[in-house]
Amino acid sequence: WGEGGGGREGGAAGVCVGALQAGGERRRLAHAHPPTLARARVTASLGQILMITLQSTDRLAVCEEAVMVARTVGAREIESHALTSLGLATFYLGDLEAALAHLRPGLDIALRIGSLADAARAYATVVDVLHRAVHSPAPRDLPQATLPITTAPGAAPFLRIAIHFTRAPGSVRSGPRV
């Protein structure tokens, strides 16, 4: 997300440091009027951290705020990233349909703007969500909403990976029909 962009640090130490920095920075920028690129960046970083760590009950609100601010300031890459975090956070709360409803626009934006990193993250998140839905203790049929995602331009290589990972360990059955 550019110089000093946050949200792209690696490793556990980066996540912890990023969480502290993003939390403090978000509090400072929370009521910035008009919304700013810095606020979009910081809020998206914090939303991702809260989604990953599952430590906050307001993770959906933070991710939604990140999407809104990114849209307002025209930061399409940050909007894509925030939508992917929002989709996964929504799935973690048990709503597959709503999760896919956030993931699809995040993926579409990433593909439209040519952000390979965000497109890969969105596809990987879709794969993870579909895999978890099919292999949960109470497996679910995949909703119709998966069809547009799986037929998106460039989806084929990611679907090969998805099919591979949606096979049950030790099983020869094929993955879900996507």
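Residues numbered from 1 in each chain as written. Predicted model: local features only at pLDDT ≥ 70, side-chain atom pairs only at ≥ 80, totals over all residues. Heavy atoms only, no water.

Colleague: I'm lost on the overall build of the protein chain in this one. Help?
Modeller: Across its full length, the protein chain carries eight helices and zero strands. Reading the helices (α) and strands (β) of the protein chain from amino to carboxyl end gives α-α-α-α-α-α-α-α. Considering the protein chain as a whole, with its 178 residues, one finds that 46% of them fall into the buried category. Counted over contacts in the protein chain with a minimum sequence separation of 6, partners at least 24 positions apart contribute 61%. Approximately 9200 Å² of the protein chain is accessible, and the part contributed by carbon and sulfur atoms is 60%. (Helix = DSSP H or I, 4+ residues; strand = E, 2+ residues; numbered from the N terminus. Buried < 20%, exposed > 50% of the residue type's maximum accessible area, 1.4 Å probe, protein only. Contact = heavy atoms within 4.5 Å. Areas by Shrake-Rupley, 256 points an atom, 1.4 Å probe, with all protein chains shown as cover.)

Colleague: Would you mind going over the environment of Val-42 with me for this structure?
Modeller: Within the fold, Val-42 resides in helix α2 (residues 37-53). Val-42 gets classed as buried once you look at its relative accessible area, which sits at 14%. As for Val-42 and Ala-66, which are separated by 24 residues in sequence, their C-alpha atoms are 8.2 Å apart.

Colleague: Sorry if this is basic, but what is going on with the confidence of the model for the protein chain here?
Modeller: A low pLDDT means the predicted coordinates there should not be read in detail. With 57% of its residues at a pLDDT of at least 70, the protein chain reaches an overall mean of 74. Low pLDDT (under 50) marks residues 2-13, which in the prediction has 16 contacts with non-local residues, meaning those over four places away or in another chain. Every residue in residues 165-178 scores below 50 in pLDDT, and together they form 20 contacts with partners more than four places removed in sequence or on other chains. (pLDDT = per-residue confidence, 0-100.)

Colleague: What's the story with helix α6 (residues 116-134) in this structure? I'm lost.
Modeller: In an α-helix there are 3.6 residues to a turn, and that puts residues three or four apart on one side. If you check α6, its first and last C-alpha atoms are 27 Å apart, about what 19 residues at 1.5 Å a residue would give, namely 27 Å. Listed as buried for α6 are Asp-118, Ala-119, Arg-121, Ala-122, Tyr-123, Thr-125, Val-126, Val-127, Val-129, Leu-130, Ala-133 and Val-134. (Expected span 1.5 Å × (residues − 1).)

Colleague: In this structure, what is going on with the pattern of salt bridges? I would like to understand it.
Modeller: Side-chain pairing between opposite charges can occur once the charged atoms of the two side chains come close. Across all of its chains, the model carries five salt bridges by this definition. Of the charged contacts, one joins Arg-39 and Glu-65 as a salt bridge, the two residues approaching to 3.1 Å between their closest N and O atoms. Within this pair, whereas Arg-39 is found in helix α2, its partner Glu-65 is found in helix α3 (residues 59-73), the two being separated by 26 residues in sequence. Neither Arg-39 nor Glu-65 differs from the other in exposure class; each is buried. Among the salt bridges present, the one from Asp-108 reaches Arg-104, with a minimum N-O distance of 2.7 Å. Here the residue Asp-108 and the residue Arg-104 both occupy positions in helix α5 (residues 96-113), the gap between them amounting to four residues, near one helical turn. Residues participating in the shared-partner salt-bridge network are Arg-71, Arg-76 and Glu-79. (Salt bridge = Lys/Arg side-chain N within 4 Å of Asp/Glu carboxyl O.)

Colleague: Hey, could you run me through the packing of α2 against α3 in this one?
Modeller: In a packed pair of helices, the relevant descriptors are the angle between the two axes and the axis-to-axis distance. Direction vectors running N to C along α2 and α3 enclose 155 degrees, while the axes themselves pass 8 Å from each other. By the angle between their directions, the pair α2 and α3 is classed as roughly antiparallel. Considering only the axes of α2 and α3, their crossing is left-handed. Taking contact as the criterion, the partners of Leu-37, Arg-39, Ala-40, Thr-43, Ala-44, Leu-46, Gly-47, Leu-50 and Met-51 in α2 are, on α3, Arg-59, Val-62, Cys-63, Glu-65, Ala-66, Met-68, Val-69, Ala-70 and Val-73. In the contact of α2 with α3, the residues fall into 13 nonpolar, two polar and three charged. (Axes fitted to C-alpha atoms, helices over the stretch in contact; angles between N-to-C directions. Parallel < 35°, antiparallel > 145°, perpendicular 65-115°, else oblique. Left-handed = near helix turned anticlockwise from the far one by under 90°. Nonpolar A, V, L, I, M, F, W, Y, C, P; charged D, E, K, R; others polar.)

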